[in-house]
Amino acid sequence: MGNFKLPRLLIVAVIFFIVVTVLSLDQVYILNGYFMVIINRCMIFVILASSLNLINGITGQFSLGHMGFAAVGAYVSGTITTLLLKLPPPPPGFAISGSMFIFVVAILVGGISAAFVGFLIGFPSLRLKGDYLAIVTLGFGEIIRTILNNIDYVGGPRGLLGIPKFSNFTSIWAFTLLTIVLLRNLVQSSHGRAMLSIRENELASELCGIDTTRYKVMGFVVGAFFAGVAGGLLAHLLQIAHPTQYGFLPSCLVLIMVYAGGMGSMTGSILAAFCLTFLTEGLRVGIDALPVFTFGATTFRIGTEWVMVIYSVLLVLIMLFRTEGIMGMREAKLLIIEEKKK
Amino acid sequence: MSALLSIQKMSHYFGGLKAVSDFTFDVPEGVIYGLIGPNGSGKTTTFNLITGIYAPTEGKIFFDGKDITGHKPFRIVQGGIARTFQNLRIFGNLSVVDNIRVARHYTVKSGFFTSILRLPSFRKEEEEIREDAMQLIKMMHLEDRALDNAKNLPYGALRRLEIARALATKPKLVLLDEPAAGMNPKETEELMGLIRRVRDEFKVTVFLIEHHMKLVMNVCERVKVIDFGETIAEGAPQDVGKDPKVLEAYLGRGGAEC
């Protein structure tokens, strides 16, 4: 290990961390609380988009209900932390480290629950070839929303309230970096190549001795796990988990990120997650600033629901003029693990 | 010579159509075996039955003494039968070396967690797989293109890549589905040498389907001719080439006389 170099990915991530932290310091205050929430949301969407990319872009399956898994993660981890907060407080010395520990465990349990649900859904539907997964996941997204709406224990239509604010910039940054590194390692391993070969040609993959069902389910379950983690982080950032946050439209938003970034490119998913999250906020602010039109007695107001219309137009434009997305299937050098030259 | 692959009374129907009818034949170990017949005579169906893409309607398939009838394709491949396809099925967006490494995957011992954490044992194994793949690439003369996306390779190179990928699964029996399709005479000539080398260097049995008569007559040591799902001749290539029934099937009734 004489010529050990720090991985460039880590360097870039640390620089990003330091820059944002410095800019958000009270003395500098270029990034206020509002911007920090957007940046945190960006990183959560990076986790969501790159995990969906594993299912849709790498393994070549088609999942439409990614936010359903985020909902499982959000509600499970949110319930755990709110319940544990009601316990008698720990002795003073353990307070901070104890709550951090509870937070990490709750997020991981949320992720594992989402992965388990992913397995229950993926195993029967991925044994079949074709678009069954799209139908099943579309249904699943709606089912989970309806179930959450009707369980009074987790707040029903009011949403799960009073979740402690455990997510902050540091913890979300750490989880995001970990997600990117683990997903990159998975894709660039033998298991990842097995998944890629299924996308390229399922029959040929099977006739190379690969148990295609197993690898389709593996990709799907891993994707669901990270979606659950992202959901948990989001719930502890906004301090609320609400059924409408995890409906079909948010799932579509993540899907658009994957397609806009380029199917199969993690770099693309990361870029698109940042760009589109900022765009959503920008459009929201921009549309709010539009004047109210009045035609005689009727008033016509352009509301924030038009954001989704603009998104759809954007997606159509991408399909027309840059079919392969921002990055295509290319990957930034940062995310490629170098192999020894022979 | 013992039979490596033994097919007994195998039939397959697509609805009412009899694609393969009552096949019984043995492929002895270590030979280059050819299966020929006009278009639509059931050759590719036979391969699909052997590799488990379809399960035969009737009959049994034995490989290496074991009954593999109705097994899943990936199990059959893991058991030692590899194949190539008539219309290439290459992983186009993967590099040449990755195409071959995919085929080595089922022998990989590194588990999921070892892989995503990149533990030393994982790195060592990856290195071994890469070296194995590079050896196959050198043998197929693809070393200049090893890191290119497979879809950018010329046609002849893709054919060789598919054979290399089949060999990477460490098979005992290689099924080649029209390996010379779309090749020019020079490439076909090279392919004949390649098929012989594959058999000798990898100690595998080769079972091929081909339209190209010159290739079959030159390379194969045993030939079986089928038409409309039925066997019409079997034996050494020289004898089969003179069989009137074979000439009739290929050239029509008048052709056999002139």
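Computed from a predicted structure; not experimentally measured.

When helices and strands are counted, chain B shows 10 helices and 10 strands. Here the C-alpha atoms of chain B give a radius of gyration of 19 Å, agreeing with the 18 Å that 2.2 N^0.38 yields for 258 residues. The 258 residues of chain B split such that 43% are buried. Within chain B, residue pairs in contact and separated by at least 24 positions form 67% of the contacts whose partners lie at least 6 positions apart.

On to the interface of chain A and chain B. Listed by partner, the interface residues are 23 residues for chain A and 30 residues for chain B. Those elements that place two or more of their residues in the side of chain A that touches chain B are helix 6 (169-187), helix 7 (190-200) and helix 8 (202-206) of chain A. Partitioning the side of chain A that touches chain B into residue classes produces 10 nonpolar, seven polar and six charged.

Residues and elements named next belong to chain B. Sheet architecture is open: four strands sit in the order 2-1-4-5, paired in antiparallel fashion. The open sheet terminates on both sides in strands that have one partner only, identified here as strand 2 (17-28) and strand 5 (66-67). Direction of pairing for strand 1 (residues 3-14) relative to strand 2: antiparallel, over a ladder of eight bridges. In the sheet register, Phe 14 faces strand 2, and the bridge partner there is Leu 17. This element, helix 1 (residues 43-50), spans strand 1, strand 2 and strand 4 (58-63) of the sheet and lies at about 65° to strand 2.

In this section: the sheet that holds strand 10 (residues 230-235) of chain B. Residues and elements named next belong to chain B. If you walk across this open sheet you meet the six strands as 6-7-8-3-9-10, and the pairing is mixed. This sheet does not close on itself; its edge strands, each paired only once, are strand 6 (81-83) and strand 10. When strand polarity is set aside, the average angle formed by the axes of neighbouring strands in this sheet is 20°. Bridge analysis of strand 6 against strand 7 (residues 173-177) gives three bridges, and the strand direction is parallel. The residue of strand 7 that forms the bridge with Arg 83 is Leu 175. Here helix 1 sits on the sheet in contact with strand 3 (32-36), strand 6, strand 7, strand 8 (205-209) and strand 9 (222-227), set at roughly 150° to strand 7. Each of strand 3, strand 7 and strand 8 touches helix 7 (residues 185-202); the most contacted strand, strand 8, lies at about 150° to it.

This part covers unusual backbone geometry. For residues besides glycine, phi is generally negative; the peptide bonds are generally trans as well. Residue and element names in this part refer to chain B. Its identity as a non-glycine residue notwithstanding, Lys 9 has a phi of 50°, on the positive side. On the secondary structure map, Lys 9 appears in strand 1. The phi angle at Lys 203 is positive, at roughly 55°, despite the residue not being glycine. Here Lys 203 is to be found in the loop between helix 7 and strand 8.

Residues and elements named next belong to chain B. Positionally, Lys 245 belongs in helix 10 (residues 244-251). Residue classification places Lys 245 among the partly exposed positions, given that 13 C-beta atoms sit within 10 Å. The spacing of Lys 245 and Asp 227 is 18 residues in sequence and 9.9 Å in space, taken between C-alpha atoms. For Lys 245, the residues in contact, after removing those within four places along its chain, are Ile 232 and Ala 233.

Bringing the packing of helix 3 (residues 66-85) of chain A against helix 5 (residues 132-150) of chain A into the picture now. All names here are of chain A. Look at helix 3 against helix 5: their axes get within 8 Å of each other, and the N-to-C directions meet at 30°. When the interaxial angle is binned, helix 3 and helix 5 end up roughly parallel. Where helix 3 approaches helix 5, its residues Met 67, Gly 68, Ala 71, Val 72 and Tyr 75 are matched on the opposing element by Phe 140, Gly 141, Ile 144 and Leu 148. In terms of residue class, the contact of helix 3 with helix 5 is made up of seven nonpolar, two polar and no charged.

With that settled, the discussion passes to the packing of helix 3 of chain A against helix 9 (residues 212-238) of chain A. Packed helices, taken two at a time, are described by the angle their axes make and the gap between the axes. Residues and elements named next belong to chain A. Helix 9 packs onto helix 3 with a crossing angle of 50° between their chain directions and a minimal axis gap of 6 Å. In this view, helix 3 runs oblique relative to helix 9, as classed from their interaxial angle. Helix 3 and helix 9 meet at a crossing whose hand is right-handed. Contacts between helix 3 and helix 9 pair His 66, Phe 69, Ala 70, Ala 71, Val 72, Gly 73, Ala 74, Ser 77, Gly 78 and Thr 81 from the former with Ala 224, Ala 227, Gly 228, Val 229, Ala 230, Gly 231, Gly 232, Leu 234, Ala 235 and His 236 from the latter.

Residue and element names in this part refer to chain B. Both strand 9 and strand 10 contribute to a ladder of five bridges, which runs antiparallel. Residue pairing in the sheet places Ile 226 in a bridge with Thr 231 of strand 10. Linking strand 9 to strand 10, which pair antiparallel, is a turn of two residues; within it Phe 228 sits at a positive phi near 45°.

Counting 155 residues, the largest nonpolar core has Leu 48, Ala 49, Ala 70, Ala 230 and Met 257 of chain A together with Val 174 and Val 206 of chain B as its most contacted members. Here this core gets 16 residues from one element, more than from any other, and that element is helix 9 of chain A. Leu 48 of chain A has contacts with His 66, Ala 70, Ala 227, Ala 230 and Val 254 of chain A, leaving out every residue within four places of it along the chain.

This next bit is on helix 10 (residues 248-261) of chain A. For helix 10 of chain A, built from 14 residues, the straight-helix expectation of 20 Å at 1.5 Å per residue is met to within 8% by its first-to-last C-alpha distance of 20 Å. Within helix 10 of chain A, burial applies to Ser 251, Leu 253, Val 254, Leu 255, Met 257, Val 258, Tyr 259, Ala 260 and Gly 261 of chain A.

This part covers helix 6 of chain A. Residues and elements named next belong to chain A. Its 19 residues place the ends of helix 6 27 Å apart at the C-alpha level, agreeing with the 27 Å of an ideal helix rising 1.5 Å per residue. Within the sequence span of helix 6, burial applies to Ile 172, Phe 175, Thr 176, Thr 179, Ile 180, Leu 183, Arg 184 and Val 187. When helix 6 is viewed along its axis, its buried side chains cluster within an angular range of 160° and face the same direction. Buried residues in helix 6 make contact with helix 2 (33-58), helix 7, helix 9 and helix 11 (266-289).

Predicted confidence across chain B gives a mean pLDDT of 88, with 97% of residues reaching 70 or more. Reported for the predicted complex are a pTM of 0.90 and an ipTM of 0.90.

Moving on, we come to the pairing of strand 4 of chain B. Residue and element names in this part refer to chain B. Sheet topology note: the strand 1/strand 4 ladder contains five bridges and is antiparallel. If you follow Ser 6 over to strand 4, its bridge partner there is Phe 62. Pairing analysis gives two bridges linking strand 4 to strand 5, with the strands arranged antiparallel. Its bridge partner being in strand 5, Phe 62 is matched across the sheet by Asp 67. Connecting strand 4 to the next strand, strand 5, in antiparallel fashion are two residues, including Asp 64 with a positive phi near 55°.

Parameters and conventions
Residues numbered from 1 in each chain as written. Chains lettered and ligands numbered in written order. Predicted model: local features only at pLDDT ≥ 70, side-chain atom pairs only at ≥ 80, totals over all residues. Helix = DSSP H or I, 4+ residues; strand = E, 2+ residues; numbered from the N terminus. Rg over C-alpha atoms; globule rule 2.2 N^0.38 Å. Buried ≥ 20, exposed ≤ 12 C-beta atoms within 10 Å, placed from the backbone. Contact = placed C-beta atoms within 7 Å. Nonpolar A, V, L, I, M, F, W, Y, C, P; charged D, E, K, R; others polar. Pairing = 2+ DSSP bridges. Axes fitted to C-alpha atoms, helices over the stretch in contact; angles between N-to-C directions. Parallel < 35°, antiparallel > 145°, perpendicular 65-115°, else oblique. Left-handed = near helix turned anticlockwise from the far one by under 90°. Core = buried A, V, L, I, M, F, W, Y, C linked by C-beta atoms within 7 Å. Expected span 1.5 Å × (residues − 1). Arc of directions from axis to C-beta. pLDDT = per-residue confidence, 0-100.

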